[in-house]
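Descriptive structure summary
For reference, the chains in residue letters:
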Amino acid sequence: MKAVLLREPGGPERLEYADVPEPEPRDGEVVVRVRAAGINFADVLVRQGRYPQPPELPTVLGSEVAGEVDGRRVMALPRAGGGGYAEAVAVDDALVVPLPESATFEEGASFLLTFLTAWIPLTRMARVGEGSTVLVHAGAGGVGSAAIQVGKHLGARVVATASSEEKLEVARGLGADEALLYDGFEEQVRADVVLDSVGGDVFARSFATLNPLGVVVAAGFAGGWWEPLDPAPLVGRNVGVLGFYLGRLMRHRPELVADAVAEIVALWEAGSVRPLVGATFPLAQAGEAHRLIEERRSVGKVVLVP
Ligand SMILES: NC(=O)c1ccc[n+]([C@@H]2O[C@H](COP(=O)([O-])OP(=O)(O)OC[C@H]3O[C@@H](n4cnc5c(N)ncnc54)[C@H](OP(=O)(O)O)[C@@H]3O)[C@@H](O)[C@H]2O)c1
């Protein structure tokens, strides 16, 4: 079968469209015929050699797919290490979820990881509801576009940041009450919860936005590694920081993640949220798709179609 192989870290041209053996399912696994594979920013970081827990190379990237198992339309999360950028992938049976009837495969490959990364922090870690303000960084991106919708669903006022006017418009279209460029955002918004997938100086500046008892949830470092944090000003201002990493939660609290999956799928089926597919590429053009994300030109999710 065809798949996209990464033999060595490097630029997008390292992604090689190649013939590989069909996956052989182990006990408890099923083979998904992939109809769409979602690209996550972590895949870009692995390809660049910047991910803290890299898989062994060579590898097939891709930790989120939609496709078919014996004629059933499903979404699925291949185990850590990936395998999704392929015509077929073996997946733990417990990580296979029916695809809502009205959804396309492209939407199905754009849903689980981003919405779990928005839903679990905003419902299990921070207090979000009527009267609270949530600041979502990179609001037009994958996680950001999910978090804006989740924040609105939970009744919060949502402020989003992004790097261009076009992306701010996308964030507003998703329901953000206000959308700001990164320059000086900390002077323009007061927040109870910040969902930060950007890191670097955006993370550091986010603390200045917090109301008393507010928290920053750190979920990613697309814009740069985190700066060291001194607890003294956090104590002095009654604010906090939380960290979220879905991969480890899936291993250590699978039942919590399964509950969250059921909750977000129900929200989608009720029409309260919907994944944003920003671009679709043939599987053979995975490098072009990575380039779009790396150069910060993508909105929503970018999807590969075998
Ligand atoms: N902790 C977890 O469990 C978990 C789960 C899923 C994802 N994540 C993390 O969450 C982040 C978002 O993931 P995603 O897949 O949804 O990606 P994404 O948001 O679609 O893409 C990354 C976004 O980060 C922003 N960005 C800021 N500085 C950037 C830079 N120097 N280069 C590229 N982008 C930059 C861009 O938006 P602007 O141009 O508007 O700034 C871009 O849209 C990633 O860091 C990812 O690793 C974490």
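Every residue gets a number counted from 1 within its own chain, in the order that chain's sequence is written. A pLDDT threshold of at least 70 governs which residues receive local features in this predicted model, and a stricter bar of 80 or more applies before side-chain atom pairs are shown or counted, although totals over entire chains, interfaces and linings include all residues.

Before going further, it helps to examine the site of the ligand. In the vicinity of the ligand, 28 residues are found, and the nearest of them are Gly 141, Gly 142, Ser 197, Gly 220 and Gly 223. Of all elements in the fold, only α1 (41-48), α3 (112-125) and α4 (142-153) reach the threshold of two or more residues within the shell around the ligand. Its residues assigned to classes, the shell around the ligand shows 15 nonpolar, 11 polar and two charged. The domain boundaries here were taken from an automatic or database domain assignment. Two domains share the shell around the ligand, each providing at least three of its residues, namely domain 1 (2-111 + 276-305) and domain 2 (114-247). Nearness rests on one distance test: the residue's C-beta atom, set from the backbone, must lie within 6 Å of the molecule or strand. In this description a helix means any DSSP run of H or I spanning at least four residues, a strand means any run of E spanning at least two, and both kinds are numbered starting from the N terminus. Polar here means any residue other than Ala, Val, Leu, Ile, Met, Phe, Trp, Tyr, Cys and Pro, which are nonpolar, and Asp, Glu, Lys and Arg, which are charged; Gly is therefore polar.

Glancing now at the domain arrangement of the chain. Segmentation of the chain into domains returns domain 1 (2-111 + 276-305) and domain 2 (114-247). Here the C-alpha centroids of domain 1 and domain 2 sit 26 Å apart. Contact definition: two residues whose C-beta atoms, as placed from backbone geometry, lie within 7 Å. On the domain 2 side, the residues contacting the 10 residues of domain 1 number 12 residues. Taken together, the residues of the side of domain 1 that touches domain 2 sort by class into five nonpolar, three polar and two charged.

A word on the pairing of strand β16 (residues 301-305). Put simply, side chains in a regular strand alternate between the two faces of the sheet. To sort residues by exposure, count the other C-beta atoms lying within 10 Å of each residue's C-beta; 20 or more gives buried, 12 or fewer gives exposed, and values between give partly exposed, all with C-beta atoms placed from the backbone. The element β16 is extensively covered by neighbouring structure, given that four of its five residues are classed as buried. What makes two strands pair is DSSP finding at least two bridges between them. Judged from the three bridges that link them, strand β3 (residues 29-39) and β16 form a sheet pairing that is antiparallel. Its bridge partner lying in β16, Gly 38 is registered against Val 303. The handedness rule is simple: strands pointing away from the viewer, and a clockwise path from the first strand over the helix to the second, make the crossover right-handed. The handedness of the strand β15 (residues 277-282) to β16 crossover, carried by helix α10 (residues 286-294), is right-handed.

The next thing to look at is the sheet that holds strand β14 (residues 240-243). In any sheet, the strands associate via hydrogen bonds between backbone groups, in a parallel or an antiparallel arrangement. Spatially, β11-β10-β9-β12-β13-β14 is the arrangement adopted by the six strands of the open sheet, whose pairing is parallel. Looking along the sheet, the strands with just one partner apiece sit at the ends: β11 (178-181) and β14. Sheet twist, expressed as the mean angle between neighbouring strand axes with direction ignored, is 20°. For strand β12 (residues 191-196) and strand β13 (residues 210-218), the ladder comprises five bridges, and the chain directions are parallel. Of the residues in β13, the one forming a bridge with Val 194 is Val 216. To obtain an axis, a line is fitted to C-alpha atoms, over the contacting stretch when the element is a helix, and the angle between two such axes runs from 0 to 180 degrees between their N-to-C directions. Packed onto the sheet, α3 meets β9 (133-136), β12, β13 and β14 and runs at close to 150° relative to β12.

This part takes up α10. Along α10, the residues classified as buried are Ala 286, Ala 289, His 290 and Ile 293. Buried residues of α10 fall within an arc of 100° about the axis and therefore sit on the same side. Looking one or two residues past α10, Arg 296 carries a phi angle of roughly 65°, positive in sign. As used here, the arc is the angular range of directions from the helix axis to the C-beta atoms.

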